[in-house]
Protein chains: 2
Amino acid sequence: MKLSQPNILVYDPNHAEEYAESVRESGFTAARAATTYEEAEKFLPGTEVILGWKFPTELLSSPNASSVRWFQSMGAGVNDLVTDSSIPEDILLTRIVDQFGTYISEYVFAYLLHIVKDVPRMRQAQTGRKWDSFLSDTLAAKTIGVAGLGSIGVEIVRKARAFDLKVHGLSFSGKNAKIVDHHFTSNQWRDFVKDLDFLILTLPLTNETYHVINRDILYAMKPESCLVNVGRGALIAENDLQAVLKDGHLKAAVLDVFETEPLPKDHDFYSLPNVYVTSHLSGPSTVAGVTQFFADNLKRYLNQQTLLGIVDRKRGY
Amino acid sequence: MKLSQPNILVYDPNHAEEYAESVRESGFTAARAATTYEEAEKFLPGTEVILGWKFPTELLSSPNASSVRWFQSMGAGVNDLVTDSSIPEDILLTRIVDQFGTYISEYVFAYLLHIVKDVPRMRQAQTGRKWDSFLSDTLAAKTIGVAGLGSIGVEIVRKARAFDLKVHGLSFSGKNAKIVDHHFTSNQWRDFVKDLDFLILTLPLTNETYHVINRDILYAMKPESCLVNVGRGALIAENDLQAVLKDGHLKAAVLDVFETEPLPKDHDFYSLPNVYVTSHLSGPSTVAGVTQFFADNLKRYLNQQTLLGIVDRKRGY
């Protein structure tokens, strides 16, 4: 590495040193790890680039942070950062993109198949040593709707084709509209959901998508359809969803993200029979994946090229 | 339908009338249903075509059956019929082909994803109201081996591509060898299995495939690999598999077919922690599917065209 290296602060409450070590191994030796507010405060002076997760952003408005030019988030969702007024406007924000399609699409099809083939019934038969040769349903010829056609949505669409699903899509930008059989825009939610057997949410959380799945939209869905949320919790009005599920509308809801995370221990979602709760794990930020993305972006930064995953704060992601 | 219609006997111990009704609805009105030996015996004289499942074949060597020209099995596997000496050589045997790819490939990927994403751990976390944000493994970049590249194997390969798996294949005929990354022949079993993360058996049961998965082959597999059998139970030497699994070799075995079906209630497979037992349901013969195949074949029969799914008794399927 010939170019002069920026000072890098790697912040993560749990795994900062692991990430920093990986960043150093990729050739950027001036990377220091911080896991607490105090460590971050101590290392900030002179720091030009931050690779961060759950960073104490109030530090960024202090004079200590005057040298910071770029903040790379370790995640794909940045709704908390774009609305955070303590991050100065002149700090460039980037998020991880194009890393989660494989993971999240595998998660989605794991659950669609689990539900459609009725794996629980098969497991129950085994536990009871019962021969139960029932007729499973199939994904083939059913209709999936993918809300959000970014890199995650695109990968779900690709796998949906291999399962011979009919594929509908909704996106705000119209991007990738041509890869689906029917494309809907953001003022067509009711039309979009009414024919779907499976609705998959991969949208970012913005002012326009907050509680976009509410009572009205949920009741516009077919009673036997399934809802999968791998975007952000607050895409769904959770109280509405809970009421609708208790009413017996919807076959199942697969929820990896929630308005409050971790999902509070006393939440009804844990025990509703037609709800699958998972712990925001469908699109994991792995050390290897984040480091590779960050190192590529650092090279672009040093070469004054446009960075990948630049966040448009007005757009909201 | 203008051509003179053959007399058809539809035999099934449970659903004969349902199948017969469906056959009649497709235009072949001379279809009679039998569910017992006695009924079959009564209706045989004058019968030209049999659509059958678990048919009492000893009847076929009696003079009552002298008018029978063609026996269409309702299933894909015909290992019991090809070795059955009570079926006269001059009765044409056909089996259902090209009907099970969708069902069986969905079953296979339901279980591969269930295991790789560790759905049981997610379900356990939910039951315990625990936030367990662990890192799942992925199918992507792993290696699947498909033994048997008929219509079922081909459909598994197609879906494997969408999951970015490396795809190896083994077939006896060499058919479809070009659709896999590495093709192996029947004298290369050890080489075939040694690099696989997932071995999927879709082979018919013949003299050459009986117990082809034995202790030697199982130990040639990687300790963390998974075995899925959607072919026939006796492809696997079950005692060997049981011993190997108890030894902790293999991550999991997904078994839909068994040497004895229903699997006896006291069989260890039901309770081994790394075994998934299902009740020969991955490739169901549905009334609609069987009727459509049979009706197409009947039209070929009446037009003296070559039938679909002709069984070569010497080859064994």
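For clarity, every value in this text was computed on a predicted model and none was experimentally measured. (Residues numbered from 1 in each chain as written. Chains lettered and ligands numbered in written order. Predicted model: local features only at pLDDT ≥ 70, side-chain atom pairs only at ≥ 80, totals over all residues. Heavy atoms only, no water.)

### Looking at the packing of helix 6 (residues 151-162) of chain A against helix 6 (residues 151-162) of chain B
So, point 1. One can describe the packing of helix 6 of chain A onto helix 6 of chain B by two numbers: an axis separation of 9 Å at closest approach and a directional angle of 175 degrees. Judged on the interaxial angle alone, helix 6 of chain B and helix 6 of chain A are roughly antiparallel. On helix 6 of chain B, the residues that touch Glu155(A), Arg158(A), Lys159(A), Arg161(A) and Ala162(A) of helix 6 of chain A are Glu155(B), Arg158(B), Lys159(B), Arg161(B) and Ala162(B). (Axes fitted to C-alpha atoms, helices over the stretch in contact; angles between N-to-C directions. Helix = DSSP H or I, 4+ residues; strand = E, 2+ residues; numbered from the N terminus. Parallel < 35°, antiparallel > 145°, perpendicular 65-115°, else oblique. Contact = heavy atoms within 4.5 Å.)

### Things to note about the side chain of His267(B)
So, point 1. Mapped onto the elements of the fold, His267(B) is located in the loop between strand 11 (252-255) and strand 12 (275-277).
So, point 2. Those residues within four positions of His267(B) in sequence are excluded, and the remaining contacts are Arg129(A), Glu238(B) and Gln242(B).

### Some words on the sheet that holds strand 11 (residues 252-255) of chain A
Residue and element names in this part refer to chain A.
So, point 1. The strand order across the open sheet built from seven strands is 8-7-6-9-10-11-12, with neighbouring strands paired in parallel fashion. Among the strands making up the open sheet, the edge pair consists of strand 8 (182-184) and strand 12 (275-277). Strand-to-strand twist of the sheet, defined as the mean angle between neighbouring strand axes without regard to direction, takes the value 15 degrees.
So, point 2. Pairing of strand 10 (residues 226-229) with strand 11 involves four bridges; the strand directions are parallel. Bridge assignment links Asn229 to a residue of strand 11, and that residue is Leu255.
So, point 3. Across the face of the sheet, helix 4 (residues 101-116) comes into contact with strand 6 (143-147), strand 9 (198-201), strand 10, strand 11 and strand 12 while running at roughly 155 degrees to strand 11. (Pairing = 2+ DSSP bridges.)

### Here we look at helix 9 (residues 238-246) of chain B
Residues and elements named next belong to chain B.
So, point 1. When helix 9 is considered as a whole, its buried residues turn out to be Glu238, Leu241, Gln242, Val244 and Leu245. Around the axis of helix 9, the buried residues are gathered within 165 degrees of arc, so they sit on the same side. The exposed residues of helix 9 that point more than 90 degrees off its buried face are Asn239 and Lys246.
So, point 2. At its buried positions, helix 9 is contacted by helix 8 (215-220), strand 10 (226-229), strand 11 and strand 12.
So, point 3. Just downstream of helix 9 lies Gly248, where phi reads positive at about 85 degrees. (Buried < 20%, exposed > 50% of the residue type's maximum accessible area, 1.4 Å probe, protein only. Arc of directions from axis to C-beta.)

### Topic: the domain arrangement of chain A
Residue and element names in this part refer to chain A.
So, point 1. Here chain A is described as being made up of domain 1 (8-98 + 285-302) and domain 2 (101-277).
So, point 2. Using only C-alpha atoms to locate each centre, domain 1 and domain 2 end up separated by 32 Å.
So, point 3. Interface of domain 1 and domain 2: buried area, both sides summed, is about 410 Å²; carbon and sulfur atoms make up 47% of it.
So, point 4. Our enumeration of links across domain 1 and domain 2 arrives at zero salt bridges.
So, point 5. The tally of links from domain 1 across to domain 2 stands at three residue pairs in polar contact (both at pLDDT 80 or more).
So, point 6. For the side of domain 1 that touches domain 2, the class distribution of residues is two nonpolar, three polar and one charged. (Domains from an automatic or database assignment. Buried area = accessible area lost by both parts, 1.4 Å probe. Salt bridge = Lys/Arg side-chain N within 4 Å of Asp/Glu carboxyl O. Polar contact = N/O pair within 3.5 Å; in protein donor to acceptor, adjacent residues only side chain to side chain. Nonpolar A, V, L, I, M, F, W, Y, C, P; charged D, E, K, R; others polar.)

### Re the interface of chain B and chain A
So, point 1. Listed per partner, the contact involves 53 residues of chain B and 53 residues of chain A.
So, point 2. Applying the counting rule to chain B against chain A returns four salt bridges.
So, point 3. Of the charged contacts, one joins Arg158(A) and Asp164(B) as a salt bridge, the two residues approaching to 2.8 Å between their closest N and O atoms.
So, point 4. Viewed at the interface, chain A and chain B are joined by 30 residue pairs in polar contact (both at pLDDT 80 or more).
So, point 5. Mapped onto the side of chain B that touches chain A, the elements with two or more residues apiece are helix 4 (101-116), helix 5 (119-127), helix 6 and strand 12 of chain B.

### Regarding the pairing of strand 10 of chain A
Residues and elements named next belong to chain A.
So, point 1. Alternating positions in strand 10 separate into two faces, Cys226 and Val228 on one and Leu227 and Asn229 on the other, with burial throughout.
So, point 2. Pairing of strand 9 with strand 10 involves four bridges; the strand directions are parallel. Counted as the bridge partner of Ile200 is Val228 from strand 10.
So, point 3. In the classification by handedness, the crossover that spans strand 9, the intervening helix 8 (residues 215-220) and the parallel strand 10 is right-handed.
So, point 4. Considered for its hand, the β-α-β crossover made up of strand 10, helix 9 (residues 238-246) and strand 11 is right-handed. (Right-handed = clockwise from strand over helix to strand, strands pointing away.)

### Details of the pattern of salt bridges
So, point 1. Applying the stated criterion across every chain yields a total of 24 salt bridges over all chains.
So, point 2. We note a salt bridge from Arg158(A) to Glu155(A), for which the minimum N-O separation is 2.6 Å. Taken together, the residues Arg158(A) and Glu155(A), both in helix 6 and three residues apart, mark about one turn of the helix.
So, point 3. Judged by relative accessible area, Arg158(A) falls into the partly exposed class, the value being 34%.
So, point 4. The shortest N-O distance in the salt bridge between Asp197(B) and Lys222(B) comes to 3.0 Å. Within this pair, whereas Asp197(B) is found in the loop between helix 7 (189-194) and strand 9 (198-201), its partner Lys222(B) is found in the loop between helix 8 and strand 10, the two being separated by 25 residues in sequence.
So, point 5. Given a relative accessible area of 32%, Lys222(B) falls into the partly exposed group.
So, point 6. Residues joined by salt bridges that share partners form a network here, namely Glu155(A), Arg158(A), Lys159(A) and Asp164(B).

### Regarding the packing of aromatic side chains
So, point 1. On inspection of all chains with the given rule, the structure shows 23 aromatic pairs over all chains.
So, point 2. Measuring from ring centre to ring centre gives 5.2 Å for Tyr11(A) and Phe55(A), while their planes differ by 80 degrees; the resulting arrangement is edge-to-face. Placement of the pair is Tyr11(A) in strand 1 (residues 8-11) and Phe55(A) in the loop between strand 3 (49-52) and strand 4 (70-73), with a sequence separation of 44 residues. Each member of the pair, Tyr11(A) as well as Phe55(A), carries the same accessibility label: buried.
So, point 3. Geometrically, the ring pair formed by Phe184(B) and Phe192(B) is tilted, given 5.5 Å between the ring centres and 50 degrees between the ring planes.
So, point 4. Three or more aromatic residues joined by ring pairs make a cluster, and in this case those are Phe109(A), Phe163(A), Phe109(B) and Phe163(B).
So, point 5. Residue placement shows Arg315(A) over the ring face of Tyr317(A); its charged tip is 4.0 Å from the ring centre. (Phe/Tyr/Trp six-rings, centres within 6.5 Å; stacked < 30°, edge-to-face > 60°. Lys NZ or Arg CZ within 6 Å of the ring centre and 35° of its normal.)

### Re the pairing of strand 3 of chain A
All names here are of chain A.
So, point 1. Of the two faces of strand 3, the one carrying Val49 and Leu51 and the one carrying Ile50 and Gly52 are both buried.
So, point 2. Bridging between strand 1 and strand 3 involves four bridges; their strand directions are parallel. Counterpart to Val10 in the pairing with strand 3 is Leu51.
So, point 3. In the sheet, strand 3 pairs with strand 4 via four bridges, with the strands oriented parallel. The partner of Val49 across the bridge, within strand 4, is Trp70.

### A look at the sheet that holds strand 10 of chain B
Residues and elements named next belong to chain B.
So, point 1. Here seven strands make up an open sheet; going across it, the order is 8-7-6-9-10-11-12 and the pairing parallel. In the strand order of this sheet, the two ends are held by strand 8 (182-184) and strand 12, each with one partner. Geometrically, the sheet is characterised by an average inter-axis angle of 15 degrees between neighbouring strands, direction not taken into account.

### Considering the relation of the copies chain B and chain A
So, point 1. Least-squares fitting of chain B to chain A yields an RMSD of 0.1 Å, with the transformation described by 0.0 Å of translation along the axis and a rotation of 180 degrees. Within this description, the copies of the chain are treated as partners about a two-fold rotation axis.
So, point 2. A share of 100% of the interface residues of chain B reappears at the interface of chain A, consistent with the copies meeting face to face through the same patch. (Least-squares fit on C-alpha atoms with pLDDT ≥ 70 in both.)

### Structural notes on unusual backbone geometry
So, point 1. Note that the residue after Glu261(A), namely Pro262(A), is joined by a cis bond; omega there is -10 degrees.
So, point 2. Within the secondary structure, Pro262(A) is located in the loop between strand 11 and strand 12.
So, point 3. Look at Leu250(B): it is not a glycine, yet its phi comes out positive at around 80 degrees.
So, point 4. Locating Leu250(B) in the fold gives a position in the loop between helix 9 and strand 11.
So, point 5. Judged by relative accessible area, Leu250(B) falls into the buried class, the value being 2%.

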